[in-house]
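# Residue-level structural notes
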Amino acid sequence: MKRVVLGLGSNKTFNGISPLQNLHNAYLELSSLILDIIPSSVYITKAMYVEDQNDFFNMAVLGFVSDDKSPFELLNEIHIIEEKLGRNRSTEIRFGPRSIDIDIELFGDDKIETENLIVPHPRIKERAFVLVPTIEVLKNTADVIISEKYLSFLRQIDCNTVKKTISAHDFLSL
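Overview of the structure. (Residues numbered from 1 in each chain as written. Predicted model: local features only at pLDDT ≥ 70, side-chain atom pairs only at ≥ 80, totals over all residues. Heavy atoms only, no water.)

Moving on, we get to the overall build of the protein chain. Within the protein chain, the secondary structure is distributed over five helices and eight strands. Mapped in sequence order, the helices and strands of the protein chain form the string β-α-β-β-β-α-β-β-β-α-α-β-α. Expected size for 174 residues packed as a compact globule is a radius of gyration near 16 Å; at 15 Å, the protein chain falls within 12% of this value. Projected onto the principal axes, the alpha-carbon positions of the protein chain cover approximately 40 × 35 × 35 Å. Restricting to contacts in the protein chain with at least 6 residues of sequence separation, those with at least 24 account for 71%. Surface summary for the protein chain: the accessible area is close to 8900 Å², and the carbon and sulfur share equals 51%. (Helix = DSSP H or I, 4+ residues; strand = E, 2+ residues; numbered from the N terminus. Rg over C-alpha atoms; globule rule 2.2 N^0.38 Å. Contact = heavy atoms within 4.5 Å. Areas by Shrake-Rupley, 256 points an atom, 1.4 Å probe, with all protein chains shown as cover.)

This brings us to the packing of aromatic side chains. Scanning the model with the defined rule gives two aromatic pairs in all. Here the aromatic rings of Tyr27 and Phe171 are separated by 5.6 Å at their centres, their planes lie at 80 degrees, and the arrangement is edge-to-face. You can see Tyr27 sitting in helix α1 (residues 19-30) and its partner Phe171 sitting in helix α5 (residues 168-172), a full 144 residues away along the chain. By relative accessible area, which is 8% here, Tyr27 ends up buried. Residue Phe171 is classed as buried on the basis of its relative accessible area, which comes to 0%. Ring plane angle 35 degrees and centroid distance 4.4 Å describe the contact between Tyr49 and Phe95, whose orientation is recorded as tilted. Remark: Phe95 occurs in the loop between α2 (71-84) and β5 (101-107) and Tyr49 occurs in the loop between β3 (42-45) and β4 (56-65); sequence separation between them is 46 residues. With relative accessibility at 36%, the residue Tyr49 sits in the partly exposed group. (Phe/Tyr/Trp six-rings, centres within 6.5 Å; stacked < 30°, edge-to-face > 60°. Buried < 20%, exposed > 50% of the residue type's maximum accessible area, 1.4 Å probe, protein only.)

Between α1 and α2, the shortest axis-to-axis distance is 10 Å and the interhelical angle comes to 145 degrees. In this structure, α1 crosses over α2, and the sense of that crossing is right-handed. Taking contact as the criterion, the partners of Ala26, Glu29 and Leu30 in α1 are, on α2, Ile78, Ile81 and Lys84. Here the residues of the contact of α1 with α2 sort into four nonpolar, no polar and two charged. (Axes fitted to C-alpha atoms, helices over the stretch in contact; angles between N-to-C directions. Left-handed = near helix turned anticlockwise from the far one by under 90°. Nonpolar A, V, L, I, M, F, W, Y, C, P; charged D, E, K, R; others polar.)

A few words now on α1. In this model, α1 (twelve residues) spans 16 Å end to end at C-alpha, consistent with the 16 Å of a helix rising 1.5 Å per residue. Among the twelve residues that make up α1, nine are buried, leaving the element largely enclosed by the rest of the structure. Those residues of α1 not exposed but buried are Pro19, Leu20, Asn22, Leu23, His24, Asn25, Ala26, Tyr27 and Leu30. (Expected span 1.5 Å × (residues − 1).)

Pairs can form between side chains of opposite charge once their charged atoms are near each other. One pass over the full model with this rule turns up nine salt bridges. Note that Arg87 and Glu82 form a salt bridge whose closest N and O atoms lie 3.2 Å from each other. What makes Arg87 buried here is its relative accessible area of 10%. Given a relative accessible area of 1%, Glu82 falls into the buried group. The salt bridge involving Arg87 is made with Glu92; its shortest N-O contact spans 2.4 Å. One salt-bridge network, held together by shared partners, links Glu82, Arg87, Arg89, Glu92, Arg98 and Asp101. (Salt bridge = Lys/Arg side-chain N within 4 Å of Asp/Glu carboxyl O.)

In short, geometric facts, not functional conclusions.
Right, here's the structure in full:
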């Protein structure tokens, strides 16, 4: 089994469904793909890059996929979930508002660099909205070394824009 960490974000309604509920729906969809899935708390954060948009609800999930599942298969399944939950990559603005965004942050110890997928995620070091929930779910594992690595990244950036809004426990009962 390979451990995976996914980052999730939403700041736009879809068919009357709030960004927070979009996160929950994505979590439910992902729970059919990922074994022993563990959610982080949900954090509200200011948008980066394109700042003239609503704040994002962000979280991470940690779980496991079978050794025979490739990261590209997982990415394809993620894109299907995103589309189901209202994401249309062909019409959206890069880094703009979206009903759901799911990124593969970590896929086991794999290092991948292709046109369609880079793992670990290339901007993880600069994104407190990814690091904070990722560290939270990694603390639930025995892998202190990885947690420490990401804590060192977090110490180098401003994380005042990341505010916990819902605990993982409360998120599960939405």
